[in-house]
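# Summary of structural features
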Amino acid sequence: MKFAIFGNTYQAKKSSHAENLFRLLGQHHAQICVCREFYHFLTADLKLNIPAAELFDGDDFSADMVISIGGDGTFLRAASRVGKKDIPILGINTGRLGFLADISPEEMEETFDEIYNNHYKVEERSVLQLRCDDEKLMQSPYALNEIAVLKRDSSSMISIHTAINGAHLTTYQADGLVIATPTGSTAYSLSVGGPVIVPHSKTIAITPVAPHSLNVRPIVICDDWEVTLDVESRSHSFLVAIDGRSESCKETTRLHISRADYSIKVVKRFNHVFFDTLRNKMMWGVDVR
């Protein structure tokens, strides 16, 4: 098999996990190509003895499987590079929470044995697409987790006129609005009070950030519907964050958000159960005696 490897370039203390990853792949005689930035971080910055490998920049690679070693942020960056390539992604978690990257470093050896024995599963995760007339945003308009509109810095609340399939929903007076996939329901959306959504439910969650009215609540809609946003701001601009990558946007920019025409494939161990992950990551039940 050929693996394309992306990694976190901020976790020097956890570099031993990367060394172990390359060692395990070497034992399986795997073909390896590595993101150039990550490879230079390991070899030049950390002086690790990493085997020579094919290097690539951006999305100029091909592989049977992508490996993301880091946290969920690293996984999201890898997913943006994979895009429409239809390559499954395995997430090895050296970060903190890890809903996407949920293979622990201690599970790597067993996981690769299972992969080489074709004993794993691949889950398809929906992706959101943004359409607007802002050229910067259109350079990378896809989100695996969420697309959020947010007020800038310490400015006043923004007014977000929201329509679903052209029908007016409401005008949110809030610090922002998070449009999330089921995958992203356990990320930013969850932190501002959004619902946890099962990954394959084919839905989109719309969750306000610090709304002015306590009557405003999150709403879940079908993922084949389109959300249209028109934003008013006293500063005449606002932020658009696509999986954490934010750009300033003019007040006159209309945003159209819908399901993309491709999905991201996530590699899971065969015995993986979403509800087990929820209990472990969210510590549900720890107060039960």
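Residues numbered from 1 in each chain as written. Predicted model: local features only at pLDDT ≥ 70, side-chain atom pairs only at ≥ 80, totals over all residues. Heavy atoms only, no water.

### Focus on the overall build of the protein
Which entries qualify depends on this criterion: A run of H or I in DSSP counts as a helix once it spans at least four residues, and a run of E counts as a strand once it spans at least two, with each numbered from the N terminus. Just to be clear, the radius of gyration here is over C-alpha atoms, and the globule rule we use is 2.2 Å times residues to the power 0.38. Only protein chains enter the accessibility calculation, which uses a 1.4 Å probe; a residue is then buried when its area is under 20% of its type maximum, exposed when over 50%, and partly exposed in between.
The secondary structure content of the protein amounts to seven helices and 17 strands. Taking 289 residues into account, the globule formula puts the C-alpha radius of gyration at 19 Å, and the protein, at 20 Å, falls close to it. Its C-alpha atoms put the protein at 60 × 50 × 35 Å along the principal axes. Within the protein, the proportion of its 289 residues that are buried is 49%.

### Notes on the packing of helix α1 (residues 15–27) against helix α4 (residues 108–116)
Using the following cut-off: Angles run from 0 to 180 degrees between N-to-C directions of axes, and those axes are lines fitted to C-alpha atoms, restricted for helices to the stretch in contact. Here roughly perpendicular refers to angles of 65 to 115 degrees, roughly parallel to angles under 35, roughly antiparallel to angles over 145, and oblique to all remaining angles. Less than a right angle of anticlockwise turn of the near helix away from the far helix marks a crossing as left-handed, whereas a clockwise turn marks it as right-handed. Contacts between residues were defined by any pair of non-hydrogen atoms, one from each residue, lying within 4.5 Å. Each residue receives one of three labels: charged for Asp, Glu, Lys and Arg, nonpolar for Ala, Val, Leu, Ile, Met, Phe, Trp, Tyr, Cys and Pro, and polar for the others, Gly being one of them.
Orientation of α1 relative to α4, taken along the N-to-C sense of each, is 30°, at an axis distance of 10 Å. By the angle between their axes, α1 is roughly parallel relative to α4. Regarding α1 and α4, the two cross each other, and that crossing is right-handed. Two secondary-structure elements touch here, α1 through His17, Asn20, Leu21, Leu24 and Leu25 and α4 through Met108, Glu109 and Phe112. When its residues are assigned to classes, the contact of α1 with α4 shows five nonpolar, two polar and one charged.

### Topic: the packing of aromatic side chains
Counted only if it meets this: Centres within 6.5 Å make a pair out of two Phe, Tyr or Trp rings, where for Trp the six-membered ring is used; the pair is then stacked when the planes are under 30 degrees apart, edge-to-face when over 60, and tilted otherwise.
For the structure on display, the rule yields seven aromatic pairs. Relative to Phe61, the ring of Phe56 lies with its centre 4.8 Å away and its plane at 35°, an arrangement referred to as tilted. Phe61 carries the same exposure label as Phe56, and that label is buried. With a centroid separation of 5.2 Å and an interplanar angle of 70°, the aromatic rings of Tyr142 and Tyr262 are classed as edge-to-face. A residue pair is termed long-range when its members are at least 10 positions apart, and Tyr142 in strand β7 (residues 142–143) and Tyr262 in strand β17 (residues 255–269) qualify at 120 residues.

### Some words on the pairing of strand β9 (residues 158–164)
Defined as follows: When DSSP finds at least two bridges between two strands, those strands are taken to pair.
Of all seven residues in β9, six are buried, a share of seventy percent or more. With seven bridges connecting them, β9 and strand β10 (residues 167–174) associate as antiparallel partners. Bridged to Thr162 within β10 is Thr170. Two strands pair when backbone bridges link them, and β9 and strand β14 (residues 227–232) are joined in this way by six bridges, in the antiparallel orientation.

### Comments concerning the side chain of Ser237
With respect to the helices and strands, the residue Ser237 is situated in strand β15 (residues 237–242). On the basis of relative accessible area, Ser237 is assigned to the buried category, the value being 10%.

### Notes on unusual backbone geometry
Leave glycine aside and you will find that most residues have negative phi; peptide bonds, for their part, are mostly trans. Despite not being glycine, His29 shows a phi value in the positive range, around 55°. Within the element layout of this structure, His29 appears in the loop between α1 and β2 (31–35). Unlike most non-glycine residues, Asn165 shows phi in positive territory, near 50°. A residue is classified by how much of its surface remains accessible, and Asn165, at 47% relative accessible area, is partly exposed.

### Describing helix α3 (residues 72–82)
Of all the residues in α3, the buried ones are Thr74, Phe75, Leu76, Ala78, Ala79 and Val82. Along its buried surface, α3 packs onto β1 (2–7), β4 (65–70), β5 (89–93) and β17. Directly beyond the C-terminal end of α3, a positive phi value near 50° is found at Gly83.

### Observations concerning the environment of Ser154
With respect to the helices and strands, the residue Ser154 is situated in the loop between β8 (146–150) and β9. Sequence-wise, Ser154 and His256 are 102 residues apart; in three dimensions their C-alpha atoms are separated by 26 Å.

### So, the nonpolar core
What counts here: Among the buried residues, those of types Ala, Val, Leu, Ile, Met, Phe, Trp, Tyr and Cys that are joined through side-chain atoms within 4.5 Å form a nonpolar core.
Ranked by internal contacts, the top residues of the largest apolar core, which has 48 residues, are Ile5, Leu21, Leu25, Phe38, Val66 and Phe112. With near-sequence residues (within four places) excluded, Val66 lies in contact with Ala4, Phe6, Phe61, Ala78, Val82, Ile87, Pro88, Ile89 and Leu90.

### Brief notes about the environment of Thr253
Relative to the helices and strands, Thr253 resides in the loop between β16 (245–250) and β17. Taking relative accessible area as the criterion, Thr253 reaches 5% and is therefore assigned buried. Spatially, the C-alpha atoms of Thr253 and Ile206 are 19 Å apart, while their sequence positions differ by 47 residues. Setting aside its immediate chain neighbours within four residues, Thr253 contacts Cys132, Asp133, Leu229 and Phe238.

### Looking at α4
Condition: Directions from the helix axis toward the C-beta atoms define the arc.
Of all the residues in α4, the buried ones are Met108, Thr111, Phe112, Glu114 and Ile115. Buried residues of α4 fall within an arc of 155° about the axis and therefore sit on the same side. The inward-facing, buried residues of α4 abut β1, α1, β4, β5, β6 (120–131) and β17. Looking at the residues trailing α4, positive phi occurs at Asn118, about 60°.

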